[in-house]
There are 2 protein chains.
Amino acid sequence: MKPEMPRARRQRRVLPAEVRTGHLIAAAAELFLSKGLDATTVDDIVARAGVAKGTFYHYFTTKADVLLALRARFSQDFNSRAQAAIDACAPDDHHARFRAWLRGAVSAYVANFRLHDVVFHDFTHDRRRSQEKDMVIDQLAALLDAGQKAGAWNLPDTRAAAFILFDGMHGVVDDAIASARLDPEPLCEILEDMLGRMLIR
Amino acid sequence: MKPEMPRARRQRRVLPAEVRTGHLIAAAAELFLSKGLDATTVDDIVARAGVAKGTFYHYFTTKADVLLALRARFSQDFNSRAQAAIDACAPDDHHARFRAWLRGAVSAYVANFRLHDVVFHDFTHDRRRSQEKDMVIDQLAALLDAGQKAGAWNLPDTRAAAFILFDGMHGVVDDAIASARLDPEPLCEILEDMLGRMLIR
């Protein structure tokens, strides 16, 4: 039996790693939202996750480290949801694919803006680029490039168009959130109308 | 001669107040840009402005106070420049007025982005509204409302359109600044084309 041990132990350690970091990140997210980022301690996080402090330090160095992991998870989740909505449309229906992106983006942002504000709390005006924004822009620019190639629309610059669509959507939804208009439907309708006007032949 | 004295003294104090605060704000702006916000002291500011420390404290309470005054001046300047560009167009040429706003906004932002970054250094994502942004949005929404009333275009929501136009412009210019493309002309052309598509009847 002895030769089997390392493999079994390795398997046991590989699986729980993802589960455990997942629990720690989820516990941190809940605490950041309820107590605030500054007031949350590593002790709070391990207590909420129900793990020993040593487990935390096995995977993370500091609280800031968990926040980075949470930010990455938040962005990947946003992109995956948008991609799933896009992929549910016919590959050649580029206008439907754009509307699916827009609806996915608006509803994800409205639903998760509090967590959005936690993970991007240190993103200021002078930070013009980030890995997270690049990811969103690249996804949208790819969608726009495909439609452009197929002749669905004619844009002078698909990357610039992606910024107008994403930042324009962001600005309209931010204003809605600031006035507590949290129903995504009227926002989607207005944005579909106005942003859709850019996507002409 | 004695009854004339108070009036003359009052006049002498009223005029220099604006000039002196102007000098102090300008000196602070230069230092914030060259030394950075944190490294600049009140001593640096009075030395650069060539005034006594007491003069500083006559008009301002702290360094943060000068920064607020600088931010207000920056925003008012942005708006005045945009308004001057708009007002140089015929009152009924709404498309020309929009293009004038756009060109004014793009060139002012590209020319002053370093000062922009200083005065808005603490504006983060979770800060959805500000007096400064409201001022820009109100100006643009008024332009859009006038064009809408005259039948130059037909927008489902002029305030939402103002956010798309301003935040879309901001996003495209931010990407350009991040890649050191500081010539406003190609940016204006692309933005005029794409944003102008929204302004249809």
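Residues numbered from 1 in each chain as written. Chains lettered and ligands numbered in written order. Predicted model: local features only at pLDDT ≥ 70, side-chain atom pairs only at ≥ 80, totals over all residues. Heavy atoms only, no water.

(A) Looking closely at the relation of the copies chain A and chain B. Mapping chain A onto chain B calls for a screw motion: a turn of 180 degrees about the axis and a shift of 0.0 Å along it, with 0.0 Å RMSD after fitting. Overall, the copies show the geometry of a two-fold rotation axis. Here 100% of the interface residues in chain A have copies in chain B that are interface residues too; the copies meet face to matching face. (Least-squares fit on C-alpha atoms with pLDDT ≥ 70 in both. Contact = heavy atoms within 4.5 Å.)

(B) Structural detail: the pattern of salt bridges. According to the stated counting rule, one finds 30 salt bridges over all chains in the structure shown. As a salt-bridge pair, Arg 159 of chain A and Asp 175 of chain B come within 2.8 Å of each other at their nearest N and O atoms. Separated into two different chains, Arg 159 of chain A in helix H7 (residues 158-178) and Asp 175 of chain B in helix H8 (residues 158-178) make up a pair that spans both. Here Asp 167 of chain B makes a salt bridge to Lys 133 of chain B, at a shortest N to O gap of 3.0 Å. A residue pair is termed long-range when its members are at least 10 positions apart, and Asp 167 of chain B in helix H8 and Lys 133 of chain B in helix H7 (residues 131-149) qualify at 34 residues. Through salt bridges with shared partners, one network takes in Arg 129 and Arg 159 of chain A together with Asp 175 and Arg 181 of chain B. (Salt bridge = Lys/Arg side-chain N within 4 Å of Asp/Glu carboxyl O. Helix = DSSP H or I, 4+ residues; strand = E, 2+ residues; numbered from the N terminus.)

(C) Examining the nonpolar core more closely. One finds Trp 101 of chain A together with Trp 101 of chain B to be the most contacted residues of the largest nonpolar core, which totals 82 residues. Core analysis: the second largest hydrophobic core is formed by 24 residues, Ala 49, Val 66, Leu 115 and Val 119 of chain B among them. (Core = buried A, V, L, I, M, F, W, Y, C linked by side-chain atoms within 4.5 Å. Buried < 20%, exposed > 50% of the residue type's maximum accessible area, 1.4 Å probe, protein only.)

(D) Molecular detail of the packing of aromatic side chains. Residues and elements named next belong to chain A. Evaluated as defined, the whole model comprises 10 aromatic pairs over all chains. Taken together, a centroid distance of 5.5 Å and an interplanar angle of 45 degrees make the contact between Phe 56 and Phe 60 tilted. Classification of Phe 60 by relative accessible area gives buried; the value is 8%. Seen in terms of ring centroids, Phe 74 and Phe 120 are 6.0 Å apart; in terms of plane orientation they differ by 80 degrees. Their pairing is edge-to-face. Of this pair, Phe 74 sits in helix H4 (residues 63-87) while Phe 120 is found in the loop between helix H5 (94-119) and helix H6 (131-149), placing the two residues 46 residues apart along the sequence. The two residues Phe 74 and Phe 120 agree in class, both being buried. The structure contains a cluster of three or more aromatic residues connected by ring pairs, namely Phe 56, Tyr 57 and Phe 60. The ring of Phe 123 carries the charged tip of Arg 127 above its face, separated from the ring centre by 3.8 Å. (Phe/Tyr/Trp six-rings, centres within 6.5 Å; stacked < 30°, edge-to-face > 60°. Lys NZ or Arg CZ within 6 Å of the ring centre and 35° of its normal.)

(E) Focus on the domain arrangement of chain A. All names here are of chain A. For chain A, the domain assignment lists domain 1 (1-60) and domain 2 (70-201). Just the C-alpha atoms count here: the centres of domain 1 and domain 2 sit 32 Å apart. On the domain 2 side, the residues contacting the 7 residues of domain 1 number 6 residues. Summed over both sides, the interface of domain 1 with domain 2 buries roughly 560 Å², with 85% coming from carbon and sulfur. On the domain 1 side of the contact with domain 2, Ile 25, Leu 33 and Leu 37 bury the most area, a combined 64% of that side's loss. Viewed at the interface, domain 2 and domain 1 are joined by 0 salt bridges. The tally of links between domain 1 and domain 2 comes to 0 residue pairs in polar contact (both at pLDDT 80 or more). Of the residues that constitute the side of domain 1 that touches domain 2, the class distribution is 6 nonpolar, 1 polar and no charged. (Domains from an automatic or database assignment. Buried area = accessible area lost by both parts, 1.4 Å probe. Polar contact = N/O pair within 3.5 Å; in protein donor to acceptor, adjacent residues only side chain to side chain. Nonpolar A, V, L, I, M, F, W, Y, C, P; charged D, E, K, R; others polar.)

(F) Main features of the side chain of Thr 124 of chain B. Note that Thr 124 of chain B resides in the loop between helix H6 (113-119) and H7. Discounting chain neighbours no more than four positions away, the residues touching Thr 124 of chain B are His 121, Phe 123 and Thr 124 of chain A.

(G) Representation of the state of the cysteines within the structure. Counted by the stated rule, this structure contains 0 disulfides over all chains. With no disulfide of its own, Cys 188 of chain A has Cys 89 of chain A as its nearest cysteine by sulfur position, at a separation of 13 Å. (Disulfide = S-S within 2.5 Å.)

(H) Representation of the interface of chain A and chain B. Contact with chain A, which involves 39 residues of that partner, is made by 39 residues of chain B. For the chain A and chain B pair, buried surface summed over both sides reaches about 3,400 Å², with 63% attributable to carbon and sulfur atoms. On the surface where chain A and chain B come into contact, there are 8 salt bridges. With its nearest N and O atoms 2.7 Å apart, the salt bridge here joins Arg 128 of chain B to Asp 174 of chain A. For the pair chain A and chain B, the interface holds 16 residue pairs in polar contact (both at pLDDT 80 or more). Elements that contribute at least two residues to the side of chain A that touches chain B include exactly H5, H7 and helix H8 (184-196) of chain A. Top contributing element to the side of chain A that touches chain B by residue count: H7 of chain A, with 14 residues. Tallied by class, residues from the side of chain A that touches chain B come to 19 nonpolar, 9 polar and 11 charged.

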